[in-house]
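Single-letter residue listing:
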Amino acid sequence: MPERRVTIKEVAERFAISRSQLMKIVTELVAQGFVDGARAKGGGLRLERAASEIGLGDVDRAGRRPPPVRG
């Protein structure tokens with residue numbers, strides 16, 4: 001898992017994607033438990049698990065089911 005968090009701006013610039021489109025993707029990745037998102041100073045995004053432990057198939061399957069209910 002990365003030590004530091006990255007911002008939406010950093011990711012959007014790195015991958016040449018609009019921030020609004022990236023927010024939609026990140027919202028889903030957070031809901032599915034792939035990404036941890038924190039707001040406020042020192043906030044940002046980081047993976048919930050090591051990148052080597054997350055397969056494209058995992059993300060694809062997660063995108064096909066409803067997000068888990070958190071309560």
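These lines cover the structure that appears in this document, whether it is placed above or below. Treat the numbers as computed from the prediction; the structure is a model and nothing was measured.

Rules used throughout
- Starting from 1, residues in each chain are numbered consecutively following that chain's sequence as written.
- Reporting of local features is limited, given that this is a predicted model, to residues whose pLDDT is at least 70; pairs of side-chain atoms are given and counted only at 80 or more, and all residues count toward the totals for whole chains, interfaces and linings.
- Calculated side-chain values reflect all of the structure's heavy atoms, with hydrogen atoms and water omitted.
- In this text, buried Ala, Val, Leu, Ile, Met, Phe, Trp, Tyr and Cys residues form a nonpolar core when linked through side-chain atoms within 4.5 Å.
- Three exposure classes are used, based on accessible area relative to the maximum for each residue type with a 1.4 Å probe and protein chains only: buried under 20%, partly exposed in between, and exposed over 50%.
- Secondary structure elements follow DSSP: runs of H or I of four or more residues count as helices, runs of E of two or more count as strands, with numbering from the N terminus.
- Residue contacts are defined here by distance: any two heavy atoms, one from each residue, within 4.5 Å place the two residues in contact.
- Using only the protein atoms, space was sampled on a 1 Å grid; points where a 1.4 Å probe fits but cannot get out form cavities, open sets with protein on both sides within 12 Å along at least five of seven lines form pockets, and lining residues are those with an atom within 4 Å of a point.
- Grid points are joined across faces, edges and corners, and a volume is the space filled by probe spheres set on the points.
- Throughout this entry, Asp, Glu, Lys and Arg are counted as charged residues, while Ala, Val, Leu, Ile, Met, Phe, Trp, Tyr, Cys and Pro are counted as nonpolar. The remaining residues, Gly among them, count as polar.

A closer look at the nonpolar core
As a rule of thumb, nonpolar side chains are buried together in soluble globular proteins.
Phase 1: Counting residues in each nonpolar core, the largest one holds 10 residues, listed as Ile8, Val11, Ala12, Leu22, Val26, Phe34, Val35, Leu45, Ile54 and Ala62.
Phase 2: Of all the elements in the fold, those that place two or more residues in this core are helix 1 (8–15) and helix 2 (19–31).
Phase 3: It is helix 1 that contributes the most residues to this core, 3 residues altogether.
Phase 4: The residues touching alanine 62, leaving out its near neighbours within four places in the chain, are Glu28, Gln32 and Phe34.

Some details on the layout of surface pockets
Phase 1: Looking at the largest pocket, its volume works out to about 410 Å³.
Phase 2: Around the largest pocket, the lining comprises 17 residues; the ones closest to its centre are Val11, Phe15, Leu29, Val35 and Leu47.
Phase 3: Elements with a contribution of two residues or more to the lining of the largest pocket: helix 1, helix 2 and strand 2 (44–47).
Phase 4: Counting residues per element, the lining of the largest pocket draws most heavily on helix 2, which supplies 4 residues.
Phase 5: In the lining of the largest pocket, the residues fall into 16 nonpolar, no polar and 1 charged.
Phase 6: Here the second largest pocket is characterised by a volume of approximately 280 Å³.
Phase 7: Taken together, Thr7, Ile8, Met23, Val26, Thr27, Val30, Gly37, Ala38, Arg39, Gly43, Gly44 and Leu45 make up the lining of the second largest pocket.
Phase 8: The greatest single-element share of the lining of the second largest pocket, amounting to 4 residues, is contributed by helix 2.
Phase 9: Per-class residue counts for the lining of the second largest pocket are 6 nonpolar, 5 polar and 1 charged.

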